[in-house]
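# Examining the three-dimensional arrangement
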Amino acid sequence: MSYAKGSKALGECDRCGFTYKLAELKYEVENETRNGLRVCDSCLDPDHPQFQLGRDVVADPEALFDPRPDQGNFTSLFTVAIHTQPIEGKIGNVKVVL
Ligand SMILES: [Zn+2]
């Protein structure tokens with residue numbers, strides 16, 4: 001079935017009712033499907049991404065493959081002590097009276 005080009009045809013916005021050129025009216029899309037409304041630019045609600053939640057499978061794993069956690073051995077404590085810089089600085093003088 002073929003249709004006329006309709007380059008000068010007018011149409012009403014399905015939401016506000018104002019008249020626009022038919023070619024300027026846009027099909028409104030909801031959940032990636034046309035909902036049947038043909039609306040003007042100011043009435044157009046773009047398709048919200050929250051309608052597509054769960055559609056794309058996104059892997060965001062937290063676990064490491066074949067991990068080697070610290071076992072708390074003496075050598076691991078020594079390794080931490082070597083690579084940790086001590087906190088140094090002068091805060092002030094403290095007078096101790098006995
Ligand atoms: Zn409108």
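Structure's up top.
Secondary structure summary: the protein chain contains 1 helix and 4 strands in total. Seen in sequence order, the protein chain has helices and strands lined up from the N terminus as β-β-β-β-α. In the protein chain, which comprises 98 residues, the proportion classed as buried is 3%. For the protein chain, contacts bridging at least 24 residues in sequence account for 21% of all contacts bridging at least 6.

What follows deals with the pairing of strand S3 (residues 26-30). Relative to strand S4 (residues 33-39), S3 runs antiparallel, the two sharing 4 bridges. Within the sheet, the bridge partner assigned to Tyr 27 lies in S4 and is Arg 38. Two successive antiparallel strands, S3 and S4, enclose a turn made up of 2 residues, where Asn 31 displays a positive phi of approximately 55°.

This part takes up the environment of Gln 52. Positionally, Gln 52 belongs in the loop between S4 and helix H1 (74-83). You can call Gln 52 exposed: it has 11 C-beta atoms within 10 Å. In this structure the C-alpha to C-alpha distance between Gln 52 and Glu 30, which are 22 residues apart in sequence, comes to 10.0 Å.

Before going further, it helps to examine the environment of Glu 24. Locating Glu 24 in the fold gives a position in the loop between strand S2 (19-21) and S3. Distance in space between the C-alpha atoms of Glu 24 and Arg 38 is 9.5 Å, their sequence separation being 14 residues.

Quick look at unusual backbone geometry now. Positioned with a positive phi, Asn 31 is a non-glycine residue whose angle comes to about 55°. Note that Asn 31 resides in the loop between S3 and S4. Looking at Asn 31, the number of C-beta atoms within 10 Å reads 11, which means it is exposed.

What counts, and at which threshold
Residues numbered from 1 in each chain as written. Predicted model: local features only at pLDDT ≥ 70, side-chain atom pairs only at ≥ 80, totals over all residues. Helix = DSSP H or I, 4+ residues; strand = E, 2+ residues; numbered from the N terminus. Buried ≥ 20, exposed ≤ 12 C-beta atoms within 10 Å, placed from the backbone. Contact = placed C-beta atoms within 7 Å. Pairing = 2+ DSSP bridges.

Shape is all these values report; function is a separate question.
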